[in-house]
Amino acid sequence: MSKQVIVITGASSGFGALTARALASAGHTVYAGMRATTSRNAKAAAEAAAFAKENGVDLRSVELDVASDASVEAGIATIIEEAGHLDVIMHNAGHMSFGPAEAFTPEQFAELFDINVLSTQRVNRAALPYLRKQGKGLVVWVSSSSTRGGTPPYLSPYFAAKAAMDSLAVSYAAELTRWGIETSIIVPGAFTKGTNHFAHSGSPADVVRAAEYNDGPYKGVPEQALQGLAALEPIDADAGSVAVAIVDVIGMPFGKRPFRVHVDPSHDGAEIVNGVADRVRAEMFRNIGLQDLLKPTTL
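Residues numbered from 1 in each chain as written. Predicted model: local features only at pLDDT ≥ 70, side-chain atom pairs only at ≥ 80, totals over all residues. Heavy atoms only, no water.

A. Quick peek at the overall build of the chain. A count of helical and extended segments in the chain gives nine helices and seven strands. In terms of principal-axis extent, the alpha carbons of the chain reach across some 60 × 50 × 40 Å. Looking at the chain residue by residue over its 299 residues, the buried ones come to 47%. Considering only contacts within the chain whose residues lie at least 6 apart along the sequence, 77% involve residues at least 24 apart. Accessible surface for the chain amounts to roughly 13,700 Å². Of this, 55% is attributable to carbon and sulfur atoms. Averaging the coordinates of the 25 positive side-chain charges in the chain and doing the same for the 31 negative ones gives two points 7 Å apart. (Helix = DSSP H or I, 4+ residues; strand = E, 2+ residues; numbered from the N terminus. Buried < 20%, exposed > 50% of the residue type's maximum accessible area, 1.4 Å probe, protein only. Contact = heavy atoms within 4.5 Å. Areas by Shrake-Rupley, 256 points an atom, 1.4 Å probe, with all protein chains shown as cover. Lys, Arg positive; Asp, Glu negative; His and termini not counted. Charge placed at Lys NZ, Arg CZ, Asp CG, Glu CD.)

Written as structure tokens, this is what we have:
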């Protein structure tokens, strides 16, 4: 496996931190992107540095606030300056909200879309010119089984944002193949342990309207939804399996990487629905004579 220079967004915790360590341990140079590396996430940056030193691997933190154009551009520039090039972009940054959809303000929806969707556009605009110039690269998108699998109630802002991000990933994929850039979409299921998605999830700003649901006909639904998700998850489900899957994908030869990889111990049905959707996509490209866009070509 050739050594790759990789940037991961949202790598202070959860899937991002797990994958950063796994990829570094596999021999890659990994930049763990996170915001506030000298304040809020100073501990996470220090832990990454300690892991690198203790294990003799190349894991570095880089200041990368995905909600800021300037921060993203500066972070990618730092990577290019230090490493000389960039091989893999991994879109992982995301945030979750939990509550009845009506109780979230439009501004809250916009903020969630900014973190989960627009962040990927910021990173792509900063990093893709380097990958296109070298004529080879890989973009990894961490999606969610919720985009096409089972969708329990009270998670609509997150589900909508993840669906938008997945759709963007699919569109980007075909527009990058002639530049020699591959796409792999990783689809984790609802891991309730090993990440802080649920623990740090946002709540509706309109608490009065939320109470109308939670104290009315939907009383008990939040608890049942969360308990039900946890019950569906096998006892041996390990969030680290997502990191393992990503390491495997990045380690594959150019042109052989899968378009999608599902890591869903609960088997909520997303793999079946995505399989149909991706076949329909491929058939459409064949019907319009653009089937070459389904696979990357070397410049």
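There is more to say after this.
B. Spatial organisation of the side chain of Gln-4. Residue position: Gln-4 is located in the segment before β1 (5-8). Gln-4 sits in the buried class, given a relative accessible area of 12%. Here the side chain of Gln-4 touches Ser-2 through a polar contact of 2.8 Å, side chain to side chain. Beyond its immediate chain neighbours, meaning those up to four positions away, Gln-4 contacts His-28, Thr-29, Asp-87, Val-88 and Ile-250. (Polar contact = N/O pair within 3.5 Å; in protein donor to acceptor, adjacent residues only side chain to side chain.)

C. Quick look at the pattern of salt bridges. By the definition in use, this model includes 11 salt bridges. Across the pair Glu-102 and Arg-209 runs a salt bridge, and its minimum N-O distance is 3.3 Å. Of this pair, Glu-102 sits in the loop between β4 (88-91) and α4 (106-134) while Arg-209 is found in helix α6 (residues 207-214), placing the two residues 107 residues apart along the sequence. Among the residues examined, Arg-209 registers a relative accessible area of 34% and is labelled partly exposed. Among the salt bridges present, the one from Asp-278 reaches Arg-260, with a minimum N-O distance of 2.6 Å. Taken together, the residues span a long stretch of sequence, with Asp-278 in helix α9 (residues 270-287) and Arg-260 in strand β7 (residues 260-263) at a distance of 18 residues. Of the residues examined, Asp-278 reaches a relative accessible area of 17% and is grouped as buried. Three or more residues are tied together by salt bridges with common partners; here these are Asp-58, Arg-60 and Glu-82. (Salt bridge = Lys/Arg side-chain N within 4 Å of Asp/Glu carboxyl O.)

D. Spotlight on the packing of aromatic side chains. The final tally for this structure, using the stated rule, is five aromatic pairs. Taking 5.8 Å as the distance between ring centres and 50° as the angle between the ring planes, the aromatic pair formed by Tyr-213 and Tyr-218 counts as tilted. (Phe/Tyr/Trp six-rings, centres within 6.5 Å; stacked < 30°, edge-to-face > 60°.)

E. Local environment of helix α1 (residues 14-25). For α1, built from 12 residues, the straight-helix expectation of 16 Å at 1.5 Å per residue is met to within 8% by its first-to-last C-alpha distance of 17 Å. What α1 keeps buried is the set Gly-14, Phe-15, Gly-16, Ala-17, Thr-19, Ala-20, Leu-23 and Ala-24. Directly beyond the C-terminal end of α1, a positive phi value near 105° is found at Gly-27. (Expected span 1.5 Å × (residues − 1).)

F. A look at the environment of Ala-225. Checked against the element boundaries, Ala-225 lands in helix α7 (residues 221-232). Residue class for Ala-225 comes out buried when judged on its relative accessible area of 11%. Residues Ala-225 and Arg-40 lie 185 residues apart in sequence; the distance between their C-alpha atoms is 31 Å.

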